[in-house]
Amino acid sequence: MSTEMIKIFDTTLRDGEQSPGCSMNTSEKLQVAGILVDLGVDVIEAGFPIASPGDFEAVKQVGRQFGDRAIICGLARCLPADIDKVRDALVDAEKKRIHVFLATSSIHREFKLKMDKNQIVKTAVEMVQRAAGYCDDVEFSPEDAARTELDFLCEVVEKAIAAGATTVNIPDTVGYATPTHYFKVIRHLKDNVPNIAKAVISCHCHNDLGLAVANSLSAVEAGARQVECTINGLGERAGNAALEEVVMALRTRQDYYDCDTRINTKKLYPASHLVSSITGMTVQRNKAIVGQNAFAHEAGIHQHGMLQERTTYEIMRPEDVGFRGTNLVLGKHSGRHAFKDRVSQLGFNLEDDALQNAFKDFIILADKKKTIYDADIVALVEHRLVETADRWTMRSFHAIGGTNVIPSATVALSCEDQAVPSDAATGDGPIDAVFNALERTIGIEARLDEYQVRSVSSGKDAQGEVMVEINVNGKVYHGKAVSTDVIDASAHAYLKALNRADADRDAPVVEFGSTELVP
Ligand code: KIV
Ligand code: ZN
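Residue numbering note: each chain is counted from 1, following its sequence as written. As they are written, the chains are lettered A onward and the ligands numbered 1 onward, keeping that order. The predicted origin of the model limits local features to residues at a pLDDT of at least 70 and limits the giving and counting of side-chain atom pairs to 80 or more, whereas totals for whole chains, interfaces and linings rest on all residues. In computing side-chain properties, one takes all heavy atoms of the structure into account and sets aside hydrogens as well as water.

**Things to note about the site of ligand 1**
A molecule or strand has a residue near it when one of that residue's heavy atoms lies within 4 Å. By nearness alone, 12 residues border ligand 1, and Arg14, Asp15, Thr173, His204 and His206 come closest of all. At a separation of 2.6 Å, an oxygen atom of ligand 1 approaches a polar side-chain atom of Thr173. Contacts to ligand 1 include His204, whose side-chain N or O atom sits 3.1 Å from an oxygen atom. Summarising the interface, the protein chains cover 98% of the accessible area of ligand 1, which totals 260 Å² for the free molecule. Every helix listed is a DSSP run of H or I at least four residues long, and every strand listed is a run of E at least two residues long, numbered separately from the N terminus. Every element with two or more residues in the shell around ligand 1 is listed here: helix 1 (12-16), strand 5 (96-103), strand 6 (138-143) and strand 7 (167-172). Throughout, the ten residues Ala, Val, Leu, Ile, Met, Phe, Trp, Tyr, Cys and Pro are labelled nonpolar, Asp, Glu, Lys and Arg are labelled charged, and all others, Gly among them, are labelled polar. Broken down by class, the residue content of the shell around ligand 1 amounts to three nonpolar, six polar and three charged. Polar contact is the term for a pair of N or O atoms within 3.5 Å; when the atoms are in protein, one must be able to donate a hydrogen and the other to accept it, and sequence-neighboring residues count only if both atoms are side-chain atoms. Methods summary: accessible areas were calculated by the Shrake-Rupley approach with a probe of 1.4 Å, and residue burial reflects only the protein chains presented.

**Description of unusual backbone geometry**
Here Asn232, not a glycine, exhibits a phi torsion of approximately 65°, which is positive. Within the secondary structure, Asn232 sits in the loop between strand 9 (226-229) and helix 10 (243-252). The buried label applies to any residue whose accessible area, calculated with a 1.4 Å probe on protein chains only, is under 20% of its type's maximum; exposed applies above 50%, and partly exposed to all values in between. Judged by its relative accessible area of 14%, Asn232 is buried.

**Focus: the sheet that holds strand 9**
Within the closed barrel, the eight strands sit side by side as 2-3-4-5-6-7-8-9. Their pairing is parallel. Direction aside, the axes of adjacent strands within the sheet are offset by 25° on average. In this description, strands pair whenever DSSP reports at least two bridges between them. Taken together, the two bridges between strand 6 and strand 7 define a ladder with parallel strand orientation. Paired with Glu139 across the strands is Thr167, a residue of strand 7. By definition in these notes, contact holds between two residues if any of their heavy atoms fall within 4.5 Å. Think of each axis as a best-fit line through the C-alpha atoms, taken over the contacting stretch in the case of a helix, with angles from 0 to 180 degrees between the N-to-C directions. Strands in contact with helix 6 (residues 117-134) are strand 5 and strand 6; relative to strand 5, the strand with the most contacts, it is inclined by about 170°. Against the sheet, helix 9 (residues 212-222) contacts strand 7, strand 8 (200-205) and strand 9, and its axis sits at roughly 165° relative to strand 8.

**Topic: the coordination of the zinc ion (ligand 2)**
Here the zinc ion (ligand 2) is held by the protein donor atoms Asp15 (OD), His204 (NE2) and His206 (NE2), which lie 2.0 to 2.2 Å from it. Every donor residue of the zinc ion (ligand 2) comes from the same chain, spaced as D-x188-H-x1-H. You can see Asp15 sitting in helix 1 and its partner His204 sitting in strand 8, a full 189 residues away along the chain. On the basis of relative accessibility, which here comes to 2%, the residue Asp15 falls in the buried class. Since its relative accessible area comes to 5%, His204 is described here as buried. Coordinating N, O and S atoms are those within 2.8 Å of the metal (3.2 Å for Na, K and Ca), and as water is not part of the atoms, a site may appear to have fewer donors than expected.

**Points about the packing of helix 9 against helix 10**
With their axes 10 Å apart at the nearest point, helix 9 and helix 10 run at an angle of 45° to one another. As far as their axial angle goes, helix 10 and helix 9 are oblique. As helix 9 packs across helix 10, the resulting crossing turns out to be right-handed. Residues Val213, Ser216, Leu217 and Val220 of helix 9 form the contact with helix 10, whose participating residues are Glu245, Val246, Ala249 and Leu250. When grouped by side-chain class, the residues that make up the contact of helix 9 with helix 10 number six nonpolar, one polar and one charged. Note that the term roughly parallel is reserved for angles under 35 degrees, roughly antiparallel for angles over 145, roughly perpendicular for angles of 65 to 115, and oblique for everything else. Throughout, a crossing is termed right-handed when the near helix is turned clockwise from the far one, and left-handed when it is turned anticlockwise from it by less than a right angle.

**Considerations on the nonpolar core**
To form a nonpolar core, buried Ala, Val, Leu, Ile, Met, Phe, Trp, Tyr and Cys residues must be joined to one another through side-chain atoms within 4.5 Å. Among the nonpolar cores identified, the biggest contains 120 residues, and Ile44, Ile170 and Phe339 are the most heavily contacted of them. Here the element with the most residues in this core is helix 7 (residues 150-163); it accounts for eight residues. Phe339 has contacts with Leu330, Leu355, Ala358, Phe359, Phe362, Ile377 and Leu380, leaving out every residue within four places of it along the chain. Val420, Phe435, Ala446 and Ala491 belong to the second-largest nonpolar core, a separate cluster that totals 30 residues.

**Here's the deal with the domain arrangement of the chain**
An automatic or database domain assignment provides the domain bounds reported here. Considered domain by domain, the chain is made up of domain 1 (4-279), domain 2 (293-322), domain 3 (324-385) and domain 4 (392-506). With eight residues of domain 3 at the interface, the matching set in domain 4 holds eight residues. Linking domain 3 with domain 4 are one residue pair in polar contact (both at pLDDT 80 or more). Here the element with the most residues in the side of domain 3 that touches domain 4 is helix 16 (residues 374-386); it accounts for three residues. Looking at side-chain class alone, the side of domain 3 that touches domain 4 contains four nonpolar, no polar and four charged residues.

**Points about helix 2 (residues 26-39)**
Taking 1.5 Å of rise per residue, the 14 residues of helix 2 would be expected to cover 20 Å, and the 20 Å separating its terminal C-alpha atoms lies within 8% of that figure. For helix 2, the set of buried residues is Glu28, Lys29, Leu30, Val32, Ala33, Gly34, Ile35, Leu36, Val37 and Leu39. Between the side-chain oxygen at the start of helix 2 and the backbone nitrogen of Ser27 there is a gap of 3.2 Å, and the oxygen is on Asn25. A positive phi of about 100° marks Gly40, the residue just after helix 2. For a helix, the expected span equals 1.5 Å multiplied by the number of residues minus one.

**A few points about the state of the cysteines**
The criterion for a disulfide is a pair of cysteine sulfur atoms lying within 2.5 Å. According to the stated counting rule, one finds zero disulfides in the structure shown. You can see Cys78 has no disulfide; the closest cysteine sulfur is in Cys73, sitting 14 Å from it. No disulfide involves Cys203; its sulfur sits 5.0 Å from the nearest other cysteine sulfur, which is in Cys205. With a relative accessible area of 0%, Cys203 lands in the buried category.

Okay, structure coming up:
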């Protein structure tokens, strides 16, 4: 038997983006879509077009730019207006899919939808038919499938396939399933739905019990041929199955699963970094595959084994996932060529302009810092990759603190390239004062929920990376910035988060979990 290919359906831009504080603007979504096609994902779920004009525009542009390299998918509730919006958003995409969902579990039927089983089946069938009238690639998801009565799940799935669904996704919406249970659900469908062979079975697992990846692998074992996942496991609550973990488990344990994916695993590490930079959601150090410690062998006994024979303690090579710590350092006298080489060795493709600007940043950094490590270059390149035209930009700031002074700061910003008068504020310390002055200038009151500083590399002159999480009117926004000066990094991270809140001020949003299902 030949190795079977599992389709990777990435939902970083839809389910991942629904995670609090991870919203992305269109240009950030295009950056992520770019890395997803480079990775080789089969399907990109680019958004939920009815949710807001911004979502619609993002799906449209992702479809236009990348619809020849991956199937671009848009999500719709079982409402005609939702489905029509996806059709319109995907108008320019060469390869497209409409993804229609409707909850089927008794809890959702009774308390959310207030619909009985017959109404659910009727609505699902009508809406799948509507979608199939627009596009020959239709995915149907019975939301909360893992908690749905098996007989009813079989009935809905069978009728959705008969109505035109080409993929049937079996979501574990609330992360309730366990590996053996989920295996049985998928196997039951495979064995009991008469027309199941006409559709691809897909799995979609949330990580509330920390089992999303294990459940996805169980689904593959039971016969699922599409896995829905996100970079870094981003997603609502505890997140979705992490793409990098599913892909590396299938690749590393091909001997067992006899399955593989089309993913270029050497791009996993840069993809993880990029998504973390854009969303401000840091990756835990000991995260499998892409965490900083994933390939660190500290214990003496491990190091000894590794030196004798790598495979004693290593089941994957760091370079297989694009983790290429070269341990070579660059400095002030390293030329453009050396810089360019290192950037591409680290797995990044930069357009000429971005490379040029990153090199300028490198020269400035090399003036402040004797030794430039790979981590410094990654931080610098990512900054250029993720830079977007923010409405508010920093012209200058000044902050003072210390003993026997009242900490204060003055900031001078531009708004859409027009200088606005500088403003000042005091605070508990110089960083707090800068944050207050930024809020005053922009006119947004925010609550700081999280503030983290970490050193990008080693040494006293190391760059500091600051991540902030703020709450504005109940919505969460992230910001991240890097500098050799932590006050500067803090100011830019906070400004980034405020820019996101500002961009969101007037955006009307349709809630994903909205109970409105009848037009
Ligand atoms: O978790 C879920 O049920 C979903 C569906 C829309 C597939 O995200
Ligand atoms: Zn989900």
